[in-house]
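Here is how the chains run, residue by residue.
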Amino acid sequence: MLFADSYLQSVYDRTAARNPNEPEFLQAVGEVLRCLEPVIQRRPELQRHAILERMTEPDRFLQFRVAWQDDSGNIQVNRGYRVQFNSAIGPYKGGLRFHPSVNASIIKFLGFEQGFKNSLTGLPMGGGKGGSDFDPKGKSDSEIMRFCQAFMTELCRYIGPDTDVPAGDIGVGAREVGYLFGQYKRIQNQYCGVLTGKGLSFGGSLVRKEATGYGLLYFVEEMLSCMKQDSVKQKTILVSGSGNVAIYAVEKAQQLGGNVVAMSDSKGYIYDPAGIDIELVKSIREGSRQPLSRYVEHRTSAQYTEGCRGIWSLPCDIALPCATQNELSAQDAEQLIKNGVSAVAEGANMPCTPEAVSLFQQAGILYAPGKASNAGGVAVSGLEMSQNSLRYSWTAGEVDQKLHQIMAGIFHSTFDAAKEYGAENDLLTGANIAGFLKIADAMIAQGVY
Ligand code: NDP
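Residues numbered from 1 in each chain as written. Predicted model: local features only at pLDDT ≥ 70, side-chain atom pairs only at ≥ 80, totals over all residues. Heavy atoms only, no water.

### So, the overall build of the protein chain
- Counting its secondary structure elements, the protein chain contains 17 helices and twelve strands.
- Taken against the 2.2 N^0.38 rule, which gives 22 Å for 449 residues, the C-alpha radius of gyration of the protein chain at 21 Å falls within 12% of a compact globule.
- Among the 449 residues that make up the protein chain, the fraction classed as buried is 57%.
- Computing the positive centroid from 43 side-chain charges and the negative centroid from 48, the protein chain places the two 5 Å apart. (Helix = DSSP H or I, 4+ residues; strand = E, 2+ residues; numbered from the N terminus. Rg over C-alpha atoms; globule rule 2.2 N^0.38 Å. Buried < 20%, exposed > 50% of the residue type's maximum accessible area, 1.4 Å probe, protein only. Lys, Arg positive; Asp, Glu negative; His and termini not counted. Charge placed at Lys NZ, Arg CZ, Asp CG, Glu CD.)

Here's what the structure looks like:
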């Protein structure tokens, strides 16, 4: 990757040399460094304090064996990870991902991004992420429980309510968080807010399940209103994925008057021009996690097509990638632009490739980066931590109102930072700058570490 600024080039080259075979991590670092060029030029002391060199090296990277017994009595071995990236502005905070694709590169890219996202929320949370290459698909409930217990038996040494607070991500929902919490409590003999995304009966927050999807739409509504004097109402919308983020993005988009016509899973996509029946999607995907293709068995207006990427060939006004990293390529972006898309907002982490992002920006399409637009989940996780510390629960209305305010605030700090640093309307640059400055100032104030 090439940079105009020689200092940024040296930071990137050093990171690349130290982290070979980690393409996702280097992609995330490269994107942030590129956006920080005007900041580095304006604030030379950042180089003197080696802020970028320190930020691109995690505080700690933990890797551990997770051995557990399957239902047939066989011993299975997986690999567990936790990266504690940066704690300058608060305890490490970020989800756990259980998916066979998980490796050091993916965990480090997610942990690096998470720090900037958490900073944007305005809440006191540092950056972290974790997970395992364990595949929950096809496992029995008892196997999931035994795996979660084995994973937490090791992880519990490194986390705590004021140290590091994990949550869910791909493959980790309320069920897994419940098993993880139970094991932490059993080992440490402490009932505390060590995880977020917990069940409502044991310290979870109302609206946490909905938060990332709802927050995405609050961000999109604010972006459309401020940058185009427009709204989600009557827009044709595509949402990739059909997991936690996608489902609640669709629900809120419909509440705001948008027409969501397609969703996907890792195998294919459904197109329903009459509008997605979100309750039907929930009944198929939540809990039993059946394939999305079953949707067309119940809806005559819908078609199912094999191959998840095909979703981006459908005409739309707004595209919301909510599945996984690098799911939307340059080719997909060209197709969307040709079909008249006017806004793209990321519900997933880094779902658009750098080439796709450049194409959107060159075509003048509104583009919202995930670290800003999908921050609603961690924002409500932050609110869950506050409620746990207070030993108190806010109502759904109170949490939703705070989420709405936080997402509007993130849009404005992103938009304003872009303008201040000469990159007007470039929300990617704005998000990286706004998220970065708060962490950088805290690091300088706290001395060399
Ligand atoms: P889930 O596990 O609930 O859902 C993931 C969904 O994506 C599933 O429908 C899965 O299908 C689908 N999927 C996976 N790969 C592809 C692909 N290549 N193309 C299309 N669909 C695919 O995860 P979440 O909804 O929690 O997370 C989704 C994204 O959002 C991730 O990038 C995550 O990091 C990010 N995120 C999540 C937050 C949260 O609060 N949950 C917060 C912020 C970001 P299948 O079931 O077939 O595998």
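More follows now that the structure is in view.
### A look at the site of the ligand
- Contacts to the ligand come from 25 residues, most closely from Lys137, Asp169, Thr212, Ser266 and Arg285.
- Between an oxygen atom of the ligand and a main-chain N or O atom of Gly171, the distance comes to 3.1 Å.
- With respect to the ligand, the side chain of Thr212 contributes an N or O atom lying 2.7 Å from an oxygen atom.
- When residues of the shell around the ligand are traced back to their parent elements, those giving at least two are helix H9 (208–228) and helix H10 (244–255).
- The class makeup of the residues in the shell around the ligand is six nonpolar, twelve polar and seven charged. (Near = heavy atom within 4 Å. Polar contact = N/O pair within 3.5 Å; in protein donor to acceptor, adjacent residues only side chain to side chain. Nonpolar A, V, L, I, M, F, W, Y, C, P; charged D, E, K, R; others polar.)

### Points about the nonpolar core
- With 100 residues, the main nonpolar core has Leu52, Phe219, Met223, Met263, Leu320 and Phe436 as its most contacted residues.
- Residues within four places of Leu52 in sequence aside, it is in contact with Tyr7, Leu8, Val11, Leu33, Leu36, Ile40 and Phe436.
- One finds Trp68, Cys148, Tyr184 and Leu195 within the second-largest nonpolar core, a separate group that totals 23 residues. (Core = buried A, V, L, I, M, F, W, Y, C linked by side-chain atoms within 4.5 Å. Contact = heavy atoms within 4.5 Å.)

### As for the packing of helix H6 (residues 104–121) against helix H17 (residues 427–445)
- At a closest axis distance of 8 Å, the pairing of H6 and H17 adopts a crossing angle of 85°. What the angle tells us is that H6 and H17 run roughly perpendicular. Of the residues in H17, those touching H6 at Gly115, Phe116, Ser119 and Leu120 are Ala431, Asn432, Ala434, Gly435, Phe436, Lys438 and Ile439.
- Across the contact of H6 with H17, the residue classes tally to six nonpolar, four polar and one charged. (Axes fitted to C-alpha atoms, helices over the stretch in contact; angles between N-to-C directions. Parallel < 35°, antiparallel > 145°, perpendicular 65-115°, else oblique.)

### Concerning the layout of surface pockets
- The volume enclosed by the second largest pocket comes to roughly 450 Å³.
- As for the second largest pocket, its lining consists of 24 residues, of which Gly193, Met385, Gln387, Asn388 and Ser389 are closest to the centre.
- No other element matches the seven residues that helix H15 (residues 376–390) contributes to the lining of the second largest pocket.
- Tallied by class, the residues present in the lining of the second largest pocket amount to twelve nonpolar, nine polar and three charged. (1 Å grid on protein atoms, 1.4 Å probe; cavity = no way out; pocket = protein on both sides within 12 Å on 5 of 7 lines; lining within 4 Å. Points joined across faces, edges and corners; volume = space filled by probe spheres on them.)

### Overview of the sheet that holds strand S3 (residues 92–98)
- Strand order across the open sheet formed by five strands is S1-S2-S4-S3-S5, with mixed pairing between neighbours. Each edge of the open sheet is held by one strand with a lone partner, namely strand S1 (60–69) and strand S5 (164–167). Within the sheet, the average angular offset between the axes of one strand and its neighbour, ignoring direction, is 20°.
- As defined by bridge partners, S3 adjoins strand S4 (residues 126–132) across five bridges and the pair is classed as parallel. Bridge pairing in S4 links Phe98 to Ser132. (Pairing = 2+ DSSP bridges.)

### Observations regarding the pairing of strand S7 (residues 259–264)
- Judged by how many residues are buried, S7 sits mostly within the fold: five of six residues are covered.
- Looking at chain direction, strand S6 (residues 236–240) and S7 are connected through three bridges and run parallel. Bridged to Leu238 within S7 is Ala262.
- Considered for its hand, the β-α-β crossover made up of S6, H10 and S7 is right-handed.
- Adjacent in sequence and paired antiparallel, S7 and strand S8 (residues 268–271) are bridged by three residues. (Right-handed = clockwise from strand over helix to strand, strands pointing away.)

### Describing empty space enclosed by the protein
- Overall, the coordinates contain two cavities of 30 Å³ or more when judged by the stated rule.
- Along the walls of the largest cavity sit Met55, Phe85, Asn86, Gly111, Phe112, Gly115, Phe116, Gly127 and Ile439, which together make up its complete lining.
- Among the secondary structure elements, those contributing two or more residues to the lining of the largest cavity are strand S2 (75–86) and H6.
- The greatest single-element share of the lining of the largest cavity, amounting to four residues, is contributed by H6.
- Of the residues belonging to the lining of the largest cavity, the class tally is five nonpolar, four polar and no charged.
- Broken down by element, the residue count for the lining of the second largest cavity peaks at four residues, all from helix H1 (residues 6–18).
- Residue composition of the lining of the second largest cavity, by class: one nonpolar, three polar and four charged.

### With respect to the pattern of salt bridges
- Taken as a whole and judged by the stated rule, the model has 23 salt bridges.
- Asp71 is paired through a salt bridge with Arg146; the nearest N and O atoms lie 2.6 Å apart. Remark: Arg146 occurs in helix H7 (residues 141–155) and Asp71 occurs in the loop between S1 and S2; sequence separation between them is 75 residues.
- Its relative accessible area of 47% is what places Asp71 among the partly exposed residues.
- Here Arg146 falls in the partly exposed class, since its relative accessible area comes to 26%. (Salt bridge = Lys/Arg side-chain N within 4 Å of Asp/Glu carboxyl O.)

### Quick notes on the sheet that holds S8
- One open sheet accounts for seven strands, arranged S9-S8-S7-S6-S10-S11-S12; its pairing is mixed. On the outer flanks of this sheet lie strand S9 (303–306) and strand S12 (366–368), each paired with one strand and no other. Ignoring which end each strand starts from, the neighbouring axes of this sheet average 15° apart.
- Where S7 and S8 come together, three bridges link them in antiparallel fashion. Bridging from a neighbouring strand, Ala262 pairs with Tyr271 of S8.

### Notes on the packing of H1 against helix H2 (residues 23–35)
- With their axes 11 Å apart at the nearest point, H1 and H2 run at an angle of 170° to one another. The angle between H1 and H2 falls in the class roughly antiparallel. Facing Leu8, Val11, Tyr12, Thr15 and Ala16 of H1, the residues of H2 in contact are Phe25, Leu26, Val29, Gly30 and Leu33.
- Broken down by class, the residue content of the contact of H1 with H2 amounts to eight nonpolar, two polar and no charged.

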